[in-house]
Every structure is written in structure tokens, then in C-alpha cells.
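Coordinate analysis (summary)
In case you want the letters, here they are:
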Amino acid sequence: YVRLNEANIQAGLVKREELNGLLNVRATKHWRTGFGWRRDLVTDKTIVQDFIVAYEDDCALFEVTYRRNRTQDLARGLGEDNAFLVRFTLRSLVN
């Protein structure tokens, strides 16, 4: 949960209240799938949706995310977009 405090709103920043969530389900020992989202509670609209598929073993993590970003700023010419994100992590370098 994110909330921009009142002092920042008085400084001219946009009022912001958001709720973030992430759900992962392990399908097998090495495979998992998940869903994430971010919701703007002020406008009651979904901002970001993530659909995740991942493979994980003792040595590495490989994750592919399909992201639907519904953020818009028409004054700046920014509209909704979709993206594929890929993450690869070697466990021996992280620990």
C-alpha cells in the first residue's frame, strides 16, 4: 500500500494512493507462475498487470513477465503499453 502524504499534495504533487499485490503458484518443483498488479485507489483503475512464468533450480532463475502498463499521460503523449521482461539470475553470484 502506498499513500502520498498531505504535505506533498500541498506542494503541487498529484494525490496518490495505490495497492500492490503479487501471487505466485508453484506448479512443480522447478516451475512457477504468478500474477501481479498495481491499483490506483484514487481513480479506482488498474495501473499495471503482470503475468509471470518462471523456472528455478539450484543454480539459476529464469523468469519471463508479460506486463500491461495502463499508465497514461496524454499531455506528454504517453499512452498504455505492453512489454515482455526477461530476468536471468545465477544463484552462485547472488549469495
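Cut-offs applied
- Sequence order sets the numbering: in each chain, residues are counted from 1 along the sequence as written.
- Only residues with pLDDT of at least 70 are given local features in this predicted model, and only at 80 or more are side-chain atom pairs given and counted; all residues enter the totals for whole chains, interfaces and linings.
- To get the side-chain values, all heavy atoms of the structure are used, and hydrogens and water are removed first.
- Segments assigned H or I by DSSP are reported as helices when at least four residues long, segments assigned E as strands when at least two residues long, and all are numbered from the N terminus.
- We call a residue buried when its accessible area falls under 20% of the maximum for its residue type, exposed when it is over 50%, and partly exposed in between, using a 1.4 Å probe and counting protein chains only.
- Any two residues whose heavy atoms approach within 4.5 Å at even a single point are treated as in contact.
- Computed by Shrake-Rupley with a 1.4 Å probe, the accessible areas treat only the displayed protein chains as cover when residues are assessed.
- Should a side-chain nitrogen of Lys or Arg be within 4 Å of a carboxyl oxygen of Asp or Glu, the pair is scored as a salt bridge.

1. Brief notes about the overall build of the chain
A count of helices and strands for the chain gives 2 helices and 6 strands. Each helix and strand of the chain, ordered N terminal to C terminal, gives the series β-α-β-β-β-β-β-α. Relative to its full complement of 95 residues, the chain shows a buried share of 18%. In the chain, 25% of the contacts between residues at least 6 apart in sequence involve partners at least 24 apart. Accessible area of the chain: about 7300 Å², with a carbon and sulfur share of 55%.

2. A short note on the pattern of salt bridges
Applying the stated criterion to the full structure yields 8 salt bridges. The partner of R32 in a salt bridge is E56, and the shortest N-O contact between them spans 3.9 Å. Of the two residues, R32 is situated in strand β3 (residues 31-40) and E56 in strand β4 (residues 45-56); the sequence distance between them amounts to 24 residues. The exposure class of R32 is buried, given its relative accessible area of 13%. Given the relative accessible area of 21%, E56 is considered partly exposed. Among the ionic contacts, a cluster of salt bridges with common partners joins R26, R32, E56, E63, R87 and R91.

3. Some points on the environment of R3
Among the secondary structure elements, R3 is positioned in strand β1 (residues 2-3). Judged by relative accessible area, which is 51%, R3 ranks as exposed. Along the backbone, R3 and E17 are 14 residues apart, and their C-alpha atoms lie at a distance of 4.4 Å. Contact partners of R3, with chain neighbours within four places excluded, come to R16 and E17.

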